[in-house]
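Structural characterization, general
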Amino acid sequence: GSFILADSLKGTFDNLIDGLTGDTDLQVRSVLEVDEIDAVRDPLPATLVDEVRAVPGVAVAEGNFSRFAQILDPDGKPVTTNGAPTLGASWDPDSGLSGVVLKEGAAPVGVDQVAIDKATADRVGFEVGDPIKVILRDGLHDFTLVGLVGLGDSDGFVGATTVVFDHESAAALLSDDGTIDTVDIKVTPGTDIASVRRAIDQILPERTEVVTGDELADEIKDQVGDIISIFGT
């Protein structure tokens, strides 16, 4: 039973991770200082997005956020998880870089609109059109819930509660210092990814790196696999 549970969990998470990273050819991020699963990477300057976008062979370059956002339920109590993070993220449904899928409603537009993962909405009792309160870096904010999202075929984000903003609103609400967390990149069809990677690497500041989407997926799978292996052990 333990082996079956571990293998089933690993298969589920591997599929989710492939859905999250499958459309990303390259990602720019800061170098991780500590090799631990709960280590946090330093943010990047938002100006790096335009520099990467100007590299020949880059079709799409998108600066993304993954930061703290605590949803409050309709009674005003924090929505908790079983150890997974409470995330605020940016999302462009037209970029083709994200595995995020709109399940109901519409994509958020403006600083007064959000979408959340459908799994959390179903669990807590939120519906499209409801008012929703979210605690961000600078305190409590009121929004209108305009959409429900998921990751690929899943309604959730591997156990995390997720609040989604459009990119401009995410920059205003999640960051106060002109930084982003990653730059996700799609190369022009027919272009050699390795060549574009080398060109991007030449313009990056110190303590910053560029990895392929496959490397990113394998890295996340290894981290999740280390946790799941506890069940098998």
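Refer to the structure above for everything that follows.
Calculation notes
- Residues numbered from 1 in each chain as written.
- Predicted model: local features only at pLDDT ≥ 70, side-chain atom pairs only at ≥ 80, totals over all residues.
- Heavy atoms only, no water.
- Buried < 20%, exposed > 50% of the residue type's maximum accessible area, 1.4 Å probe, protein only.
- Helix = DSSP H or I, 4+ residues; strand = E, 2+ residues; numbered from the N terminus.
- Arc of directions from axis to C-beta.
- Contact = heavy atoms within 4.5 Å.
- Polar contact = N/O pair within 3.5 Å; in protein donor to acceptor, adjacent residues only side chain to side chain.
- Pairing = 2+ DSSP bridges.
- Axes fitted to C-alpha atoms, helices over the stretch in contact; angles between N-to-C directions.
- Core = buried A, V, L, I, M, F, W, Y, C linked by side-chain atoms within 4.5 Å.

Taken together, the buried positions of helix α4 (residues 167-174) are H167, S169, A170, L173 and L174. The buried side chains of α4 occupy one side of the element, clustering within an arc of 155° when seen end-on. Taken together, the buried residues of α4 touch β3 (58-64), β4 (66-68), β6 (86-90), β9 (131-136), β10 (139-151) and β11 (161-165). Between a side-chain oxygen at the N-terminus of α4 and the backbone nitrogen of E168 the separation is 3.1 Å; the capping residue is D166.

What follows covers unusual backbone geometry. Residues other than glycine seldom take positive phi values, yet R207 does so here, at roughly 65°. Structurally, R207 can be placed in the loop between α5 (193-203) and β14 (208-212).

What follows deals with the side chain of S169. Structurally, the position occupied by S169 is in helix α4. On the basis of relative accessible area, S169 is assigned to the buried category, the value being 3%. Residues within four places of S169 in sequence aside, it is in contact with G110 and V111.

This brings us to the sheet that holds strand β1 (residues 26-30). To summarise the sheet geometry, strands pair through backbone hydrogen bonds and adopt either a parallel or an antiparallel arrangement. Taken together, 4 strands build an open sheet; the order of strands is β3-β13-β1-β14 and the sheet is antiparallel. Two strands lie at the open edges of the sheet, namely β3 and β14, each paired on one side alone. Recorded for the sheet is a direction-independent mean angle of 20° between the axes of neighbouring strands. Pairing analysis gives 3 bridges linking β1 to strand β13 (residues 182-187), with the strands arranged antiparallel. Note on β13: the bridge partner recorded for L26 is I185. With respect to the sheet, helix α6 (residues 213-232) is in contact with β1 and β14, its orientation differing from that of β14 by roughly 90°.

A few words now on the nonpolar core. It is characteristic of soluble globular proteins that their nonpolar side chains tend to be buried jointly. Counting 36 residues, the largest nonpolar core has V28, I116, I132, F165, V183 and I200 as the members making the most contacts within it. In this structure I116 touches I71, A121, F126, I132, L145, G147, L148, V149, T162 and V163, once residues within four positions along its chain are discounted. Judged by nonpolar contacts, the second largest core, of 9 residues, contains V100, A115, V149 and V164.

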